[in-house]
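Here is what each chain is made of, one letter per residue.
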Amino acid sequence: MTTVTDTATQAPFAEPNPYAAPAAETNGFSIASLVLGIVSIVASSTFFVPVAGLVLGILALKREPASRTMAIWGIVLNAVMLAGTVLFGLIAIVFGLAMLPFAFL
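All figures in this text were calculated on a predicted structure; none of them were measured in a lab.

A.B. asks: Which parts of the structure should I look at to understand helix H1 (residues 28-42)?
C.D. replies: Think of an α-helix as 3.6 residues a turn; residues three or four steps apart then line up on the same face. With 15 residues, H1 extends 21 Å from end C-alpha to end C-alpha; this agrees with the ideal 21 Å at 1.5 Å per step. Of the residues making up H1, those classed as buried are Ser30, Ser33, Gly37 and Ser40. Here the buried residues of H1 occupy an arc of 90° about the axis, which is enough to place them on one side. Tucked into the core, H1 has its buried residues touching helix H2 (48-63) and helix H3 (68-98).

A.B. asks: Help me out: how do you make sense of the side chain of Asn78 in this one?
C.D. replies: Among the structural elements, Asn78 can be located in helix H3. A polar atom in the side chain of Asn78 sits 2.7 Å from the backbone oxygen of Gly74.

A.B. asks: For this particular structure, what's the right way to read the packing of aromatic side chains?
C.D. replies: To describe a pair of aromatic rings, one takes the distance between the centres and the angle between the planes. Within the structure shown, the criterion is met by one aromatic pair. Ring plane angle 80° and centroid distance 5.8 Å describe the contact between Phe47 and Phe48, whose orientation is recorded as edge-to-face.

A.B. asks: I would appreciate a short explanation of H2 in the present structure.
C.D. replies: Over its 16 residues, H2 runs 22 Å from end to end, which matches the ideal 22 Å to within 8%, given 1.5 Å per residue. For H2, every residue scored as buried is listed here: Pro50, Gly53, Leu54, Gly57 and Ala60. Around the axis of H2, the buried residues are gathered within 125° of arc, so they sit on the same side. Opposite its buried face, H2 presents the exposed residues Phe48, Lys62 and Arg63, each directed more than 90 degrees away.

A.B. asks: Is there a simple way to explain the packing of H1 against H2 in this structure?
C.D. replies: For any two helices packed against each other, one specifies the crossing angle of their axes together with the interaxial distance. The geometry of H1 relative to H2 is characterised by a closest axis approach of 8 Å and an angle of 155° between their N-to-C directions. Classified by the interaxial angle, the pair formed by H1 and H2 is roughly antiparallel. In this structure, H1 meets H2 at a crossing whose hand is left-handed. Two secondary-structure elements touch here, H1 through Phe29, Ser30, Ala32, Ser33, Leu36, Val39 and Ser40 and H2 through Val49, Pro50, Ala52, Gly53, Leu56, Gly57, Leu59, Ala60 and Arg63. Here the contact of H1 with H2 is composed, by residue class, of ten nonpolar, five polar and one charged.

A.B. asks: Which parts of the structure should I look at to understand the packing of H1 against H3?
C.D. replies: At a closest axis distance of 8 Å, the pairing of H1 and H3 adopts a crossing angle of 30°. Considering the angle they form, H1 stands roughly parallel to H3. The way H1 lies across H3 gives a crossing that is left-handed. Contacts between H1 and H3 involve Ser30, Ile31, Ser33, Leu34, Leu36, Gly37, Ile38, Ser40 and Ile41 from the former and Met70, Ala71, Trp73, Gly74, Ile75, Leu77, Asn78 and Met81 from the latter. Of the residues in the contact of H1 with H3, the class split is eleven nonpolar, six polar and no charged.

The rules behind each value
- All residue numbers here refer to positions counted from 1 along the written sequence of the relevant chain.
- pLDDT decides what is reported in this predicted model: residues at 70 or higher carry local features, side-chain atom pairs at 80 or more are listed and counted, and totals for whole chains, interfaces and linings draw on all residues regardless.
- The basis for every side-chain value is the complete set of heavy atoms in the structure, and neither hydrogens nor water enter the calculation.
- Secondary structure elements follow DSSP: runs of H or I of four or more residues count as helices, runs of E of two or more count as strands, with numbering from the N terminus.
- An expected span of 1.5 Å times one less than the residue number is assigned to each helix.
- Residue exposure (1.4 Å probe, protein chains only): buried if accessible area is under 20% of the type maximum, exposed if over 50%, otherwise partly exposed.
- Taking the helix axis as origin, the arc is that swept by the directions to the C-beta atoms.
- Residues are treated as being in contact if the distance between any of their heavy atoms lies within 4.5 Å.
- Any pair of N or O atoms that falls within 3.5 Å is considered a polar contact. Within protein, one atom must be able to donate a hydrogen and the other to accept it, and sequence-neighbouring residues count only if both atoms are side-chain atoms.
- Geometry of aromatic contacts follows a simple scheme: Phe, Tyr and Trp rings, the Trp one being its six-membered ring, pair when their centres are within 6.5 Å, and the pair is stacked under 30 degrees between planes, edge-to-face over 60, tilted otherwise.
- Inter-axis angles, ranging from 0 to 180 degrees, are taken between N-to-C directions of lines fitted to C-alpha atoms, where helices are fitted over the stretch in contact.
- Should an angle fall under 35 degrees it is taken as roughly parallel, and over 145 as roughly antiparallel, whereas 65 to 115 is taken as roughly perpendicular and any remaining angle as oblique.
- Take the far helix as the reference: if the near one is turned anticlockwise from it by less than a right angle, the crossing is left-handed, and if turned clockwise, right-handed.
- Residue type decides the class: Asp, Glu, Lys and Arg count as charged, Ala, Val, Leu, Ile, Met, Phe, Trp, Tyr, Cys and Pro as nonpolar, and the leftover types, Gly among them, as polar.

Below, the structure is given as structure tokens:
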């Protein structure tokens with residue numbers, strides 16, 4: 001049995017190179033999300049750091065399946081700190097409005 005192959009489209013010596021470097025896996029989004037989650041613990045009164053970390057963590061889940069654990073930890077840390085910041089802000093607003101009648105005494 002004979003197979004017909006087009007020799008014009010094949011490269012000469014088309015063997016796989018065992019010494020070629022493997023494609024580098026990048027996990028920059030998940031590392032950035034985890035770092036921003038840890039930073040948001042220290043700087044918990046900010047709003048933009050947890051939001052940026054949350055967005056990067058969600059992007060990392062979709063783009064970097066190899067570093068899924070770091071992305072999940074980044075999402076959890078950033079979501080908890082963002083919820084704490086929003087809750088603290090709402091409590092501060094309610095307390096400020098409750099103390100407003102006593103401001104002019």
